[in-house]
Amino acid sequence: IGGQQGHQILADARDPAGAVTLRVVQWLRFGGGAYLQMIGIARTDAWKDAYPRFRSVRDGIEAR
């Protein structure tokens, strides 16, 4: 993830009412004595467009 060690977790979920299916991604990135946790959530039908955007945000973050 951004050239550093990290982990990705993908899960399927539902909204609190149970009516809408969701997809969730969590990234954990480690390095430089710190870590970064990011979570992205989108409706399953919008996942195809949302996931690349989530990755762009994730990869655009640099540690100081």
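Okay, so let's go over this structure. Keep in mind that this is a model prediction, so the values were computed, not measured. (Residues numbered from 1 in each chain as written. Predicted model: local features only at pLDDT ≥ 70, side-chain atom pairs only at ≥ 80, totals over all residues. Heavy atoms only, no water.)

Observations regarding the sheet that holds strand β1 (residues 6-14)
Across a sheet, strands are paired by hydrogen bonds formed along the backbone, either parallel or antiparallel in direction. Strand order in the open sheet made by the three strands is β1-β2-β3, with antiparallel pairing throughout. Strands with a single pairing partner mark the edges of an open sheet, and in this sheet they are β1 and β3 (34-43). Taking the axes of each pair of neighbouring strands and ignoring which way they run, one obtains an average angle of 15 degrees across the sheet. In the packing of helix α1 (residues 47-59) onto the sheet, the strands contacted are β1, β2 (21-31) and β3, and the crossing angle to β2 comes to about 15 degrees. (Pairing = 2+ DSSP bridges. Helix = DSSP H or I, 4+ residues; strand = E, 2+ residues; numbered from the N terminus. Axes fitted to C-alpha atoms, helices over the stretch in contact; angles between N-to-C directions. Contact = heavy atoms within 4.5 Å.)

Considering the side chain of R58
Residue position: R58 is located in helix α1. By relative accessible area, which is 6% here, R58 ends up buried. Not counting residues up to four positions away in its chain, the partners in contact with R58 are I1, Q8, W27, R29 and M38. (Buried < 20%, exposed > 50% of the residue type's maximum accessible area, 1.4 Å probe, protein only.)

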